[in-house]
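# Structure at a glance
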Amino acid sequence: MLKKITTAAAAVLLAALTACGSGGSGDAGSSGAPKANDDGKITMGFAQVGAESGWRTANTKSIQESAEKAGIELKFSDAQQKQENQIKAIRSYIQQKVDVIAFSPVVETGWDAVLLEAKRANIPVILTDRAVDSDDTSLYKTFLGSDFVEEGKKAGEWLKANAGGAKNVVELQGTTGAAPAIDRKKGFEDAIQGTDLKIVATQTGDFTRSGGKQVMEAFLKSVPQIDVVYAHNDDMGLGAIEAIKAAGKVPGKDIKIITVDAVKDGMTALAAGEINFIVECNPLLGDQLMDLAKKVVAGEEVPPRVVTEETTFTSEQAKTELPNRKY
Ligand code: GZL
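Presented here is an overview of the structure given in this document. (Residues numbered from 1 in each chain as written. Predicted model: local features only at pLDDT ≥ 70, side-chain atom pairs only at ≥ 80, totals over all residues. Heavy atoms only, no water.)

### With respect to the site of the ligand
Worth spelling out the cut-off: What makes a residue near a molecule or strand is one non-hydrogen atom of that residue sitting within 4 Å of it. Definition of a polar contact: a pair of N or O atoms within 3.5 Å, with one able to donate and the other able to accept a hydrogen when the atoms are protein atoms, and with sequence-neighbouring residues admitted only if both atoms are side-chain atoms. Per-residue accessibility takes into account occlusion by the displayed protein chains alone, with areas from the Shrake-Rupley method and a 1.4 Å probe. Amino acids outside the nonpolar list (Ala, Val, Leu, Ile, Met, Phe, Trp, Tyr, Cys, Pro) and the charged list (Asp, Glu, Lys, Arg) are all regarded as polar, and Gly is one of them. Source of the domain bounds: an automatic or database domain assignment.
Near the ligand lie 13 residues; those nearest to it are Glu 52, Asp 129, Arg 130, Arg 184 and Asp 261. Here an oxygen atom of the ligand and a side-chain polar atom of Ser 53 are 2.9 Å apart. Coverage of the ligand by the protein amounts to 100% of the 320 Å² it exposes when considered alone. Class assignment of the residues belonging to the shell around the ligand gives a composition of five nonpolar, two polar and six charged. Among the domains, domain 1 (7-12 + 27-145 + 283-308) and domain 2 (148-281) are the pair contributing at least three residues each to the shell around the ligand.

Below you can see the structure in the form of structure tokens.
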């Protein structure tokens, strides 16, 4: 009996020690478990949101090109904007014993369980582009991406300074529950507080051009007076432009349009005066992501938050900037 208890206690102790070793930076591989490949090359599993917008396409291209340049083997998945697909992809990367997992959480909540599985498998996680809303910050090493509240604030501040008597704003929100949608809304609302500007209608267009067009068609039928469209990304703004033109109105003149991203199609519409102001959201995160990945796999400390550099554009600025756009 004593022998059985001792053996069992030893097994529990060993399991506890293995589990406790998980999650800290530098543990990856230290458990001795064979990694995805033993040729010394880092393997990254990346679970992408989808291909919903021009921004996402540019983001994917940046990650793939940077992995190639950094000599990192990339396993890549497209979740078609479904959280369950991202969770499945992360689980498969854990099974494959990759060295590091990176992903852009399509929505903020519902990640703790799968991130705990990665932690227990000693695989470090890097949040890219979007954040998770979790109390347990040990579940990921760092969050690389924009400050979306600041982006919303920039949009609101410009409108406040250029309202020209406008009052009624309709808002095309990004994906429901997504960090950029929640935070761009908050930043914009904070900025216009105390002015005559008011959001009179708001609905998600899911960051897609077709979504923006459908929602704008409905707003044009249901909202008596629309002075401004605030779209959480260029693609929904471009869809709204199609609806506005079909309704016989002039985008950028009859109805001001403010968007976020500054992808080429958005900047083209801005230069043409169909959009009035764009807040840039930089998708080119690949090089920074690969640099962070190498550091976390090597067990080096990394900052818990890396904010991307970005600016804003007026129509005049877009005319000169357009030829320089990489995406
Ligand atoms: C923002 C990113 C958003 C873009 C959209 O960092 O997550 O998702 O603004 C994209 O264009 O679909």
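### Let's talk about the sheet that holds strand E9 (residues 256-261)
Definition in use: Two strands qualify as a pair provided DSSP detects at least 2 bridges between them. Note on conventions: DSSP H or I runs of at least 4 residues are helices, E runs of at least 2 residues are strands, and numbering of each starts at the N terminus. Helix axes use the C-alpha atoms of the stretch in contact, all axes being lines fitted to C-alpha atoms, and the angles between their N-to-C directions lie in the range 0 to 180 degrees. Should any heavy atoms of two residues lie within 4.5 Å, those residues are considered in contact.
Read across the open sheet, the six strands follow the order E7-E6-E8-E9-E10-E12; overall the sheet is mixed. The open sheet has two free edges, formed respectively by strand E7 (198-204) and strand E12 (312-314), since each of these has just one partner strand. Strand-to-strand twist across the sheet, computed as the mean angle between neighbouring axes with direction ignored, equals 15°. Looking at chain direction, E9 and strand E10 (residues 277-280) are connected through four bridges and run parallel. Paired with Val 260 across the strands is Val 279, a residue of E10. Relative to the sheet, helix H8 (residues 234-246) contacts strand E6 (168-173), strand E8 (228-231), E9 and E10, its axis offset from that of E9 by approximately 155°.

### A look at the pairing of strand E3 (residues 100-103)
Stated formally: In this scheme, a residue with accessible area under 20% of its type's maximum is buried, one over 50% is exposed, and one in between is partly exposed, where area comes from a 1.4 Å probe on protein chains only.
Going residue by residue along E3, you find Val 100 and Ala 102 tucked away on one face and Ile 101 and Phe 103 tucked away on the opposite face as well. One ladder, built from four bridges, connects strand E1 (residues 43-48) with E3; its direction is parallel. Bridging from a neighbouring strand, Ala 47 pairs with Phe 103 of E3. Relative to strand E4 (residues 125-128), E3 runs parallel, the two being bridged by three bridges. The residue of E4 that forms the bridge with Ile 101 is Val 125.

### Considering the pattern of salt bridges
As a working rule, side chains carrying opposite charge can pair if their charged atoms are close by. Quick note on the threshold: What counts as a salt bridge is simple: a side-chain nitrogen of Lys or Arg found within 4 Å of a carboxyl oxygen of Asp or Glu.
A complete count under the given rule lists 20 salt bridges for this structure. A salt bridge links Glu 52 to Arg 56; its shortest N-O distance comes to 2.8 Å. With a relative accessible area of 2%, Arg 56 lands in the buried category. Among the salt bridges present, the one from Arg 184 reaches Glu 151, with a minimum N-O distance of 2.7 Å. With Arg 184 in helix H6 (residues 179-192) and Glu 151 in helix H5 (residues 148-162), this residue pair connects regions lying 33 residues apart in the sequence. Among the ionic contacts, a cluster of salt bridges with common partners joins Glu 52, Arg 56, Asp 129 and Arg 130.

### A look at the pairing of E4
A regular strand places its side chains on the two faces of the sheet in alternate fashion. The condition is simple: Viewed with both strands pointing away, a crossover whose connecting path from the first strand over the helix to the second turns clockwise is right-handed.
Burial of the side chains of E4 extends over both faces: Val 125 and Leu 127 are buried on one face and Ile 126 and Thr 128 on the other. With respect to chirality, the unit in which E3 leads through helix H4 (residues 112-120) into the neighbouring parallel E4 is right-handed. Both E4 and strand E5 (residues 142-145) contribute to a ladder of three bridges, which runs parallel. Opposite Thr 128, over in E5, you have Leu 144 as the bridge partner.

### What about the packing of H5 against H6?
Heads up, the condition is: In this scheme the crossing of two helices becomes right-handed for a clockwise turn of the near helix relative to the far one and left-handed for an anticlockwise turn of less than a right angle.
Orientation of H5 relative to H6, taken along the N-to-C sense of each, is 35°, at an axis distance of 6 Å. By crossing handedness, the relation of H5 to H6 is classed as right-handed. For the pair H5 and H6, contact is made by Phe 148, Val 149, Glu 151, Gly 152, Lys 153, Ala 155, Gly 156, Glu 157, Leu 159 and Lys 160 and by Ala 179, Pro 180, Asp 183, Arg 184, Gly 187, Phe 188, Ala 191 and Ile 192, respectively. Per-class residue counts for the contact of H5 with H6 are nine nonpolar, three polar and six charged.

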